[in-house]
Amino acid sequence: MIREFIYKYYIDPIRYGGAYTIVDTLTYALILIVSLYLIYQWLNRTKISIDRSFIYSLLPFVVLGSLLRVIQDTGMITSDLQFLLVTPLIFFTIFFFTIACLFVSRLAEHYGLLKDYHRGFAGLGIIACLISGAVLCWYGLTVTRIDFGVLLTILLMAATTTTLVWAFLRYVLKWEFASDPIYVLLLLGHLLDASSTSYGISLHPLHYVEQHVVGSSLIAATGTGFVMFPLKLAVLIPGIYILELYRKEGASAFWHLVVFAMIVVGLAPGLRDMIRMVLYV
């Protein structure tokens, strides 16, 4: 019975690309929470400052995860190695690659090869993104297509909604802290996700589907992918308020880590979905 349970909710969805269920969604959420705590403890012990510079230097690795996920979506990798690029295994793949790049960058700083390890760390992530991006461009040019109209439309949707929501927080609710670049990035990441999902389901010729439990249920109930915008706002606005209350208590390091995790949850799938639609994958 246990074997059947594991295959039904964890192994088969990875192997066959099935939609998420309540069981695996809650499991992965729990893993994320535990992982955040363990990473926080490890970074503290290694004397790595969890601050704004560290968060910014991690962003290329978020983009890398999205690019590698799309590479798996294309079917270019036919061996079982492809499953290392499927959720949730891709999180471990990116994590260990990121840790390796962090180790190399810190070592280079220690021996005087770098003045600031953040630049070398981010640089390695950017190089990996350029290589992955080049592979996807080649695929688009030779196998499918590259639709810049889709790209511009989704980016415009994300930029417009982010500006409107930021203006509401800043000038209507009078939240001066909403102008913090990290909060703006948090908004942009999740509204890019909403824009990609909405466009893919309601406007794209291929008519993509939503795999996550809550989103798919709301889309089925309303008949439109644009329901993702109020769903995101229902979580983001109180979430930002609570985050700011927590930051005022002085827990800066853990606050940065939690905000980064929230950025990843929105930005990574948003980028992946957008790139898929641009390439018609």
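If you're wondering where the values come from, they're calculated on a predicted model, not measured in any experiment.

> Explain the overall build of the chain here, please?
Within the chain one finds 10 helices and zero strands. Secondary structure elements of the chain, listed N to C terminal, follow the sequence α-α-α-α-α-α-α-α-α-α. Evaluated residue by residue, the chain yields a buried proportion of 44% over its 281 residues. Contacts in the chain between residues at least 24 apart in sequence constitute 71% of all its contacts with a sequence separation of at least 6.

> Hey, could you run me through the environment of Ile 94 in this one?
Counting through the fold element by element, Ile 94 comes out in helix α4 (residues 89–110). Ile 94 sits in the buried class, given a relative accessible area of 13%. Ile 94 sits 26 residues away from Leu 68 along the chain, and the two C-alpha atoms are 9.3 Å apart. Those residues in contact with Ile 94 that lie beyond four places of it in its chain are Phe 61, Leu 64, Gly 65 and Leu 68.

> I tried to follow the environment of Val 184 on my own but got confused; where do I start?
Topologically, Val 184 is positioned in helix α7 (residues 181–202). Residues Val 184 and Val 165 lie 19 residues apart in sequence; the distance between their C-alpha atoms is 9.6 Å. With near-sequence residues (within four places) excluded, Val 184 lies in contact with Thr 162, Trp 166, Ala 178 and Ser 179.

> Quick question: what am I supposed to make of the pattern of salt bridges here?
Where charged atoms from two side chains of opposite charge come close, those side chains can pair. All told, the structure shown has eight salt bridges when counted by the stated rule. What you see here is one network of salt bridges that share partners, running through Arg 52, Asp 180, Glu 244 and Arg 247.

> How do you make sense of the confidence of the model for the chain when you look at a structure like this?
Detail in the predicted coordinates should be disregarded across regions flagged by low pLDDT. Per-residue confidence for the chain gives a mean pLDDT of 88; residues scoring 70 or more make up 89%. Across the chain, the element-wise mean pLDDT spans from 54 in helix α1 (residues 2–16) up to 98 in helix α6 (residues 148–172).

> Help me out: how do you make sense of the UniProt feature "transmembrane region" (unreviewed entry) in the chain in this one?
The feature "transmembrane region" (unreviewed entry), as annotated in UniProt, sits at residues 21–42, 54–71, 83–108, 120–141, 148–169, 181–201, 213–241 and 253–271 in this numbering. A distance of 31 Å separates the end C-alpha atoms of residues 148–169, which is 100% helix and 0% strand. Secondary structure across residues 253–271 divides into 100% helix and 0% strand, with the first and last C-alpha atoms of the span separated by 26 Å.

> Sorry if this is basic, but what is going on with the nonpolar core here?
One recurring pattern in soluble globular proteins: nonpolar side chains tend to sit buried together. Within the largest apolar cluster, 54 residues are counted, with the highest numbers of intra-cluster contacts made by Phe 54, Phe 121 and Ile 240. Among the elements of the structure, α2 (22–45), α3 (52–74), α4, α5 (117–142), α6, α7, α9 (228–248) and α10 (252–279) are those that each provide at least two residues to this core. Broken down by element, the residue count for this core peaks at 13 residues, all from α10. A domain-level breakdown of this core finds at least three residues from each of domain 1 (48–143) and domain 2 (146–280). Sequence-distant contacts of Phe 121, that is, excluding residues within four places in its chain, are made with Phe 54, Ser 57, Leu 58, Phe 61, Thr 98, Cys 101, Leu 102 and Ser 105. One finds Leu 68, Leu 85, Ile 90 and Leu 279 within the second-largest nonpolar core, a separate group that totals 15 residues.

How each quantity is defined
- Residues numbered from 1 in each chain as written.
- Predicted model: local features only at pLDDT ≥ 70, side-chain atom pairs only at ≥ 80, totals over all residues.
- Heavy atoms only, no water.
- Helix = DSSP H or I, 4+ residues; strand = E, 2+ residues; numbered from the N terminus.
- Buried < 20%, exposed > 50% of the residue type's maximum accessible area, 1.4 Å probe, protein only.
- Contact = heavy atoms within 4.5 Å.
- Salt bridge = Lys/Arg side-chain N within 4 Å of Asp/Glu carboxyl O.
- pLDDT = per-residue confidence, 0-100.
- UniProt positions renumbered as here; feature names shortened; annotations may be inferred.
- Core = buried A, V, L, I, M, F, W, Y, C linked by side-chain atoms within 4.5 Å.
- Domains from an automatic or database assignment.

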